[in-house]
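Below, each chain spelled out in residue letters.
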Amino acid sequence: MPIRFIPHLWLESGAEEAAAFYTSIFPNSRITSVTRYPDVGREVHGQEPGTVLTVTIELDGNPVMLLNGGPGFRLDEAFSFLLEFETQEEIDRYWNALLEGGQPQACGWLTDRFGVSWQVACPMDHWLTDPDPAVRERVFGAVLGMVKIDIAALEAAARGQVSPAA
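Thresholds applied
Position numbers for residues start from 1 in each chain and track the written sequence from start to end. Two thresholds apply to this predicted model, a pLDDT of at least 70 for residue-level local features and 80 or more for giving and counting side-chain atom pairs, whereas whole-chain, interface and lining totals are computed over all residues. The side-chain numbers reported here are obtained from all heavy atoms of the structure, hydrogens and water having been left aside. Think of it this way: any DSSP run of H or I at least four residues long counts as a helix, any run of E at least two long counts as a strand, and we number them from the N terminus. Two N or O atoms form a polar contact when they lie within 3.5 Å of each other; inside protein one atom must be a possible hydrogen donor and the other a possible acceptor, and for residues adjacent in sequence the pair counts only when both atoms belong to side chains. Every residue pair with non-hydrogen atoms within 4.5 Å of one another is taken to be in contact. For the purposes of this section, nonpolar cores are sets of buried Ala, Val, Leu, Ile, Met, Phe, Trp, Tyr and Cys residues that join through side-chain atoms within 4.5 Å. Under the scheme applied here, a residue whose accessible area is under 20% of the maximum for its type counts as buried, over 50% as exposed, and between as partly exposed, the area being computed with a 1.4 Å probe on protein chains only. Two strands pair under a simple rule: DSSP has to find at least two bridges between them. Axes here mean lines fitted to C-alpha atoms, for a helix over just the part in contact, with angles spanning 0 to 180 degrees between N-to-C directions. Like charges are joined within 9 Å and nonpolar side chains (Val, Leu, Ile, Met, Phe, Trp, Tyr) within 5 Å, but only among residues with over 30% relative accessible area and no salt bridge; these make up the patches. Note on areas: Shrake-Rupley, 1.4 Å probe, and residue coverage restricted to the protein chains presented here. Only one rule defines a salt bridge in this text: a Lys or Arg side-chain nitrogen within 4 Å of an Asp or Glu carboxyl oxygen.

1. Here's the deal with the side chain of S29
Part 1: Inspection of the secondary structure puts S29 in the loop between α1 (15-25) and β2 (30-36).
Part 2: Among the polar contacts listed, one links the side chain of S29 to the backbone oxygen of F26, at a separation of 2.9 Å.
Part 3: Looking at S29, its side chain comes within polar contact range of the main-chain oxygen of P27, at 3.0 Å.
Part 4: Setting aside residues no more than four positions away along its own chain, S29 makes contact with T23, E58, L59 and D60.

If you want it as structure tokens, here you go:
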């Protein structure tokens with residue numbers, strides 16, 4: 001059996017709300033299971049029996065588990081989901097949906113209202129590994145100057161039509 005990699009995100013609370021939010025944004029998505037805190041171990045977990053422990057979802061077929069773990073740990077930008085899209089329309093759609101109630105960051109990153117970080121981008125390895133160091137520099141500089149990724153601006157930077165961010 002192949003290894004399954006399942007991101008497991010510790011939320012303070014709101015796993016059910018987050019699951020509903022994410023499955024409403026991504027196609028072919030659904031809630032696959034909900035587990036609840038038992039009475040056993042209450043002195044450790046501190047939760048009321050019957051409250052939601054985990055919600056497992058599929059986002060376009062990719063499993064993700066959300067845990068209502070309390071304030072013990074916090075999500076931060078050190079972990080993010082990378083979403084790559086071929087068109088600006090797709091970038092705009094997912095950026096706007098995930099940003100609802102969240103905060104934009106730099107270089108295509110945003111933090112959603114649940115504290116999860118997302119990179120909403122286009123494939124750019126072909127520019128960042130281009131044999132011409134000037135192309136790499138211009139594209140990287142352009143990305144550094146962006147909040148939401150702008151494909152046309154990156155293409156222009158690759159062609160040398162804009163200067164990199166200072």
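Right, picking up where we left off after that structure.
2. Observations regarding the nonpolar core
Part 1: Judged by nonpolar contacts, the single largest core of 43 residues is most densely connected at Y22, L66, L98, W118, V120, I149 and L154.
Part 2: Of the residues forming this core, the biggest block, six residues, is contributed by α1.

3. Re the sheet that holds strand β4 (residues 62-68)
Part 1: If you walk across this open sheet you meet the four strands as β1-β4-β3-β2, and the pairing is mixed. The open sheet is flanked by β1 (8-11) and β2, the only strands paired with a single partner. Averaged over all pairs of adjacent strands, the angle between strand axes in this sheet comes to 20°, irrespective of strand direction.
Part 2: In this structure, β2 lies alongside strand β3 (residues 52-59), joined through six bridges in antiparallel fashion. Looking across to β3, one finds that V34 is bridged to V55.
Part 3: Taken strand by strand, α1 contacts β1, β2, β3 and β4, and its axis lies near 10° from that of β3.

4. Some words on a nonpolar patch on the surface
Part 1: Residues L128, F140 and L144 make up a contiguous nonpolar surface patch of roughly 270 Å² in combined accessible area.
Part 2: With respect to the secondary-structure elements, L144 resides in helix α5 (residues 133-144).
Part 3: Under the relative-accessibility criterion, L144 is labelled partly exposed at 47%.

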